[in-house]
Amino acid sequence: MAVSTSGDAEMNSVKKGASAGAPLVLRILAECPVTKARACDLTLPHGPVRTPVFMPVGTQGTMKGITADQLEALGCQICLGNTYHLGMRPVSSAVALFLLHYAFPCTENYSYGPALIEKASGLHGFMNWKRNLLTDSGGFQMVSLVELSEVTEEGVKFRSPYDDKEILLSPEQSIAIQNSLGSDIMMQLDDVVSSTVTGPRVEEAMKRSVRWLDRCIAANKNPERQNLFAIIQGGLNAELRHVCLEEMTKRDVPGFAIGGLSGGEEKDDFWRMVTLCTDHLPCEKPRYLMGVGYAVDLVVCVALGCDMFDCVFPTRTARFGSALVPWGSLQLRHKQYAKDFQPIDPDCTCPTCRRHSRAYIHALLKCDTAALHHITIHNIAYQLSLMLSVRQSILDGRFPQFVQAFMKRMFPSREQYPHWAVDALASVGIALD
């Protein structure tokens, strides 16, 4: 199966541009001798990132329910922002005003943004975030806002859900926005279809993603400061995934993401596509599994060879009063917690667990949004702590034992283990008793 590209001459120039002084260094510290899990140090322009790593999502230039200082205090080394939402919400921040002015000149009332962001030294300065940022390309909104979008070879046309105006996000515009934001890792604009879609549209999207990758590489004005990651597509079709892997790994980009999953597909299909990708991605470059944030999924996909993850889950579920714990979650709105004076997790050292009880947060949920702030802090701390524990177990040579203990604590009985997780872990040599 051939993928149409723009010719060998342009391909060669794309390769040269991508590899010239890319500001990323990946050092593999330890590899699990049983599974595909590994612990790495990823060096980026704004400091080191210890992998495996979970990246909290700040969709509109801010993390919902938590400040940048609090995020830094929790030990977060990298977080994520979304290009589409930053560009579509002019009332949410001056960042959005800047992006609307720069990328979408048809939009009115945006005159305050450019000078403000320039003075703030990009998104890092605007957020007062001293550590690393990854920006998504906006491609995922082709799925999440499918009724408002139309995909052509030029790019994706969106109709704003706020003012009904039409905008075009092309690969070049996506990269221009991300260059202006100054993110440490930028994502290519890819043609995204739902993971449940089958048929010719999946192949079309995969091939277009390869062509758009070349346009993104060519459009990157800061290859010496900003790392552009490719995104592997192909849906649930193993042949299409193989073709995409073969084509995209010809491009000397600093890292690769696995896209087009976590969209409602069967978990058996999900993990098989993940392991297929990690089997064929270069070991010397980081592997980012997009949109994954459930604790079991994180642990299993580390075993399958992934290094980086992101998801809105820990912050979104906090806004519903749900606190993450090693044995699942606590629905703190429930009356059973009204007289429970334990912390959310007695073993957790986050500010919420050090200072407040379940009963206090239960009471606060009835009258004050500060409760959601406290749960958000805890949930992010839980995710970050989980990944640190995973990493340490790899460094100590006991990752399989860690996984077995993790599953036993998460599920009361062996019969409750998700079948897909049992199969996925067995495929890399971990038997769950």
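Residues numbered from 1 in each chain as written. Predicted model: local features only at pLDDT ≥ 70, side-chain atom pairs only at ≥ 80, totals over all residues. Heavy atoms only, no water.

## Considering helix α11 (residues 267–280)
Okay, so step 1: Taking 1.5 Å per residue as the helical rise, α11 with its 14 residues ought to reach 20 Å, and the 20 Å between its terminal C-alpha atoms agrees with that figure.
Okay, so step 2: The elements touched by buried residues of α11 are β11 (227–232), α10 (238–248), β12 (255–258), β13 (287–289), α12 (295–303) and α18 (419–427). (Helix = DSSP H or I, 4+ residues; strand = E, 2+ residues; numbered from the N terminus. Expected span 1.5 Å × (residues − 1). Contact = heavy atoms within 4.5 Å.)

## Quick notes on the sheet that holds strand β9 (residues 166–169)
Okay, so step 1: One open sheet accounts for three strands, arranged β7-β8-β9; its pairing is antiparallel. Every other strand in the sheet has two partners, leaving β7 (149–151) and β9 as the edge strands with one partner each. Taking each pair of neighbouring strands and ignoring which way they run, the sheet shows an average axis angle of 20°.
Okay, so step 2: For β7 and strand β8 (residues 156–159), the ladder comprises three bridges, and the chain directions are antiparallel. (Pairing = 2+ DSSP bridges. Axes fitted to C-alpha atoms, helices over the stretch in contact; angles between N-to-C directions.)

## Looking at the confidence of the model for the chain
Do not read the fine detail of predicted coordinates wherever pLDDT is low.
Okay, so step 1: The pLDDT averaged across the chain works out to 86; a share of 82% of its residues lies at or above 70.
Okay, so step 2: Here residues 2–21 is a poorly scored stretch, pLDDT under 50, and it has 28 contacts once near neighbours within four places are set aside; other chains count.
Okay, so step 3: Here residues 84–115 scores under 50 on pLDDT; set against residues more than four positions off or in separate chains, the count is 71 contacts. (pLDDT = per-residue confidence, 0-100.)

## Comments concerning the pairing of β11
Okay, so step 1: Counting buried positions along β11 yields six of six residues, so the element is predominantly enclosed.
Okay, so step 2: With burial as the criterion, each face of β11 is covered, one bearing Asn-227, Phe-229 and Ile-231 and the other bearing Leu-228, Ala-230 and Ile-232.
Okay, so step 3: Note that strand β10 (residues 185–187) and β11 share three bridges and pair parallel. Within β11, the position partnered with Met-187 by the bridge is Phe-229. (Buried < 20%, exposed > 50% of the residue type's maximum accessible area, 1.4 Å probe, protein only.)

## Side note on the pattern of salt bridges
Okay, so step 1: Applying the stated rule across the entire model yields 21 salt bridges.
Okay, so step 2: A salt bridge links Glu-172 to Arg-215; its shortest N-O distance comes to 2.8 Å. Taken together, the positions of Glu-172 in helix α8 (residues 171–181) and Arg-215 in helix α9 (residues 200–219) put the pair 43 residues apart, joining distant regions of the chain.
Okay, so step 3: On the basis of relative accessibility, which here comes to 21%, the residue Arg-215 falls in the partly exposed class.
Okay, so step 4: Among the charged side chains, a network of salt bridges with common partners joins Glu-153, Asp-191, Arg-201, Glu-204, Arg-208 and Arg-211. (Salt bridge = Lys/Arg side-chain N within 4 Å of Asp/Glu carboxyl O.)

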